[in-house]
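Below are the chains, spelled out letter by letter.
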Amino acid sequence: GGAPRGPLGEAGARAAGGSAAASPAWCLVFWHPARGGAGRVQALQVEAPPRARRSGGRRTRCSRPATMEVRVKSAKGFADDSIVSVRAGSLRRQGPLHKDKAMEFNMSRNEANPFKVQIFSPVASQRITLVPKTETYDVVFDSDGAGEKRLELSVTERTASPKAVGGSVLQAREDRRKKVANETQDYIEDHQLVPFIQNIMQSVLAEKPADPYAYIEANLRAARGASRGPPPALLSPTSRSAALEGRTPKPKSGPKALFVPTPGKTFAGAAHVVLDPQGAVVSHEPLAVDHVMPPQSEVRRLRVAHLRDKYEAKEMETPLKQVTASLIAKNSWTLQSLTKSSGKVFFQTLTAGPRRMLHFDPKETAAAIVTCGGLCPGLNSVIREIVMMLHMYGVNRIFGIKGGYKGVMSPENWLDLTPHLVQDIHSQGGTILVSDRGNPPHSEMAKVLRDQNVRQYFVIGGDGTLKGAGQTYDAMCDIGWECAVVGVPKTIDNDIAVIDTTFGFDTACTEAKKAIDSAYVEAQCNANCIGLVKLMGRHAGFITMHASLASRNVDICLIPEMDISLDKVLEHTLHLMQTKGHAVIVVAEGCGDTMIMSSGETDAGGNKLLADVGPWLKDKIAAKFKEVKLPLTIKYIDPTYMIRAVPPNSYDRVYCSVLAQNSVHAAMAGYTGVTAGRIEQRYVFLPIEALVKSKSKRVDVRGRWFQ
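Just so you know, these numbers come straight off a predicted model, no measurement behind them.

Reading the values: rules and limits
- Residues numbered from 1 in each chain as written.
- Predicted model: local features only at pLDDT ≥ 70, side-chain atom pairs only at ≥ 80, totals over all residues.
- Heavy atoms only, no water.
- Phe/Tyr/Trp six-rings, centres within 6.5 Å; stacked < 30°, edge-to-face > 60°.
- Helix = DSSP H or I, 4+ residues; strand = E, 2+ residues; numbered from the N terminus.
- Buried < 20%, exposed > 50% of the residue type's maximum accessible area, 1.4 Å probe, protein only.
- Lys NZ or Arg CZ within 6 Å of the ring centre and 35° of its normal.
- Patch = residues over 30% accessible without salt bridge, like charges linked within 9 Å, V, L, I, M, F, W, Y side chains within 5 Å.
- Areas by Shrake-Rupley, 256 points an atom, 1.4 Å probe, with all protein chains shown as cover.
- Salt bridge = Lys/Arg side-chain N within 4 Å of Asp/Glu carboxyl O.
- Expected span 1.5 Å × (residues − 1).
- Contact = heavy atoms within 4.5 Å.
- pLDDT = per-residue confidence, 0-100.
- Axes fitted to C-alpha atoms, helices over the stretch in contact; angles between N-to-C directions.
- Parallel < 35°, antiparallel > 145°, perpendicular 65-115°, else oblique.
- Left-handed = near helix turned anticlockwise from the far one by under 90°.
- Lys, Arg positive; Asp, Glu negative; His and termini not counted.

A short note on the packing of aromatic side chains
Enumeration according to the criterion identifies four aromatic pairs in this entry. Ring geometry for phenylalanine 399 against tryptophan 414: centres 5.5 Å apart, planes inclined by 55°, an arrangement best described as tilted. Of this pair, phenylalanine 399 sits in strand S21 (residues 397–401) while tryptophan 414 sits in the loop between helix H7 (404–408) and strand S22 (415–416), placing them 15 residues apart in sequence. Each member of the pair phenylalanine 399 and tryptophan 414 is classed as buried. Ring plane angle 50° and centroid distance 6.3 Å describe the contact between tyrosine 655 and tyrosine 683, whose orientation is recorded as tilted. Taken together, the residues tyrosine 655 in helix H14 (residues 650–669) and tyrosine 683 in strand S30 (residues 682–687) connect sequence positions 28 residues apart. In textbook terms, an aromatic cluster arises when at least three aromatic residues are bridged by ring pairs, as seen for Tyr651, Tyr655 and Tyr683. Above the ring of phenylalanine 542, the side-chain terminus of lysine 697 is found at 5.7 Å from the ring centroid.

Encoded structure:
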């Protein structure tokens, strides 16, 4: 289309006028200036390119990949390996020309316009216009018209279809981008580049060299000698010169950077370094197991189940990358602090936190939350933070199951939890979901959750509740329902194994101390008075022990782990009243199964019904003083339900928030049969089985806390 570009030579042809809209085809013209003779022109008709799509009145252009293949059909009068150059706009590609091998030039084109290409050969140059479809063009170069120097080329353009570009090609690009990003992250972690760069900055800031660039360059050159393992830290100028001369540098006075790897020797693996009080290196050798672990000890890695183990693997980027940079690598493990205690087991657990890749699409996910067992400070805080974090991911369907496991069977009573609904519930005690005891058949619960399209199931409860959650997950697997089951460990007694503490325990101890303080005031301010307090603790005396330690005014503390002699308790009580004139006694409710023979009956949750040890002990003490004819007043306080029905304190609110958020991170990443917890102040993911199959935690009456 358009005006002709000058004389056309022997062929006498002219380029057709008009536009693409007026003509169903394009006129393709090859030309070159004549060299010693007339020029040669070849014209052919090809289909017109598709018209550009319009969107909102503007032309939209779609960049499409294209490969141009140039092959020699016949050649005469020029040497092999001659250079052929192809130019398209500002891009130029060139390569040697062979008779038996085609050349490929990869370029991109725009489907709205023809692909204009100029070919330069040892004989002459020609311009061609390629349409966006697979087409072959014959290009002939003839310098003198007599055929002494003649080159005939076959030019083919291969362009992906718009549908392929919009689908598979773009998907392939995205897959390649993700692969490169993951490989880059793995490379950074494998070579420990982050701590290495941090060490570089720490060393530079500690030494403050005049030329930091030369300082870094010299130390990197020294670090290059290590064959494997993480690179060493930067050497100071004194250490660097000493290392180059083969002598031991003198220790430099002044404070040392204790967390910067020691300069000097490097090993293929980790190193064991001993420092003196001034920070100077005493010994430096490869790390051995006996440096950090005693004989007969073990490191046990607790693997967590993932939905990809049973179902199709899925990966999509987390939306949280826009709000946080603290994304956890998929194989990030946390090890307990190693001690020299003989025969101890150390756990290696999965580090908790948000992952870069998710298993669930938040927009297509529904979640459900249930609370079971007794009340505990912080239940509403956990519910609130689960809802808030799910909403941050983009999950909009969140159900609150009322009435514990029994409520699972009544979806018509479920609540629709929204950020607005749970905004202020963390300031309330108890749970808005109404806790209850008792377990319907887990197979039936799994079917109800499937019918409600629940893909994430959050269970808040103690070891019995968590055991039921594991059974529900097994039932889901039996019916082929893909659902992440995540537990949040809860018990006011703090007797769940492995983890440091359970949420609400700190608040319970704070409230229990208030009751003890009241008993102390009563005992001091009344003649011949004993303040007697009964606290919660069915099988473990952690609340009683910690509250007594916090109060500092308790004379006798009785917990279920003790082998208690009632006669000795009464004799010591008599001695206290004769010497001090008052006393404070605290007893845990679990002593109703050790000091008294219980009936053996159980409640709806399967827990043994305990005898009420508080009034029983009060009567025994009163009888003893009546026997010896001494005056006595006993002020009995039972705050059992007061300490568990209050809102959480500041510490527990933060703790509940972190546990709840990590539970959501675990579910979104596709982990299942998992619980979020804290071990030695590090937040981790644990398999539920590791908690329910471990022996419940008890107070060590020979340990430091009890002593």
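Anyway, onward from the coordinates.
Details of a nonpolar patch on the surface
On the surface, Ile197, Met201 and Leu205 cluster together into a nonpolar patch covering about 310 Å² of accessible area. Assignment of secondary structure puts methionine 201 in helix H2 (residues 193–207). With relative accessibility at 46%, the residue methionine 201 sits in the partly exposed group.

Considering helix H10 (residues 505–525)
Taking 1.5 Å per residue, 21 residues should reach 30 Å; H10 reaches 30 Å between its end C-alpha atoms and fits that length. Those residues of H10 hidden inside the fold are in contact with strand S25 (529–535), helix H11 (542–551), strand S27 (582–588), strand S28 (633–637) and H14.

A closer look at the confidence of the model for the chain
On average, residues of the chain score 78 in pLDDT, and 68% of them are at 70 or above. Across residues 109–114, confidence stays below pLDDT 50; counting only partners more than four residues off in sequence or on other chains, it has 25 contacts. Overall, residues 225–249 carries pLDDT values under 50, and its contacts beyond four positions in sequence, including any with other chains, amount to 41 contacts.

Focus: the packing of H10 against H11
Contact pair H10 / H11: the axes reach a minimum separation of 8 Å and the direction vectors enclose 55°. Viewed along their axes, H10 and H11 adopt a mutual orientation that is oblique. Handedness of the H10/H11 crossing: right-handed. Of H11, the residues touching H10 (which contributes Phe505, Ala508, Cys509, Ala512, Lys513, Ile516 and Asp517) are Phe542, Ile543, His546, Ala547, Ser548, Ala550 and Ser551.

Notes on the side chain of aspartate 495
Tracing the backbone through its elements, the reader meets aspartate 495 in the loop between strand S24 (484–489) and H10. Buried aspartate 495, no salt bridge; nearest opposite-charge side chain is arginine 698, N-O distance 4.1 Å. Apart from the residues lying within four places of it in its own chain, the contact partners of aspartate 495 are Ala540, Ser696, Lys697 and Arg698.

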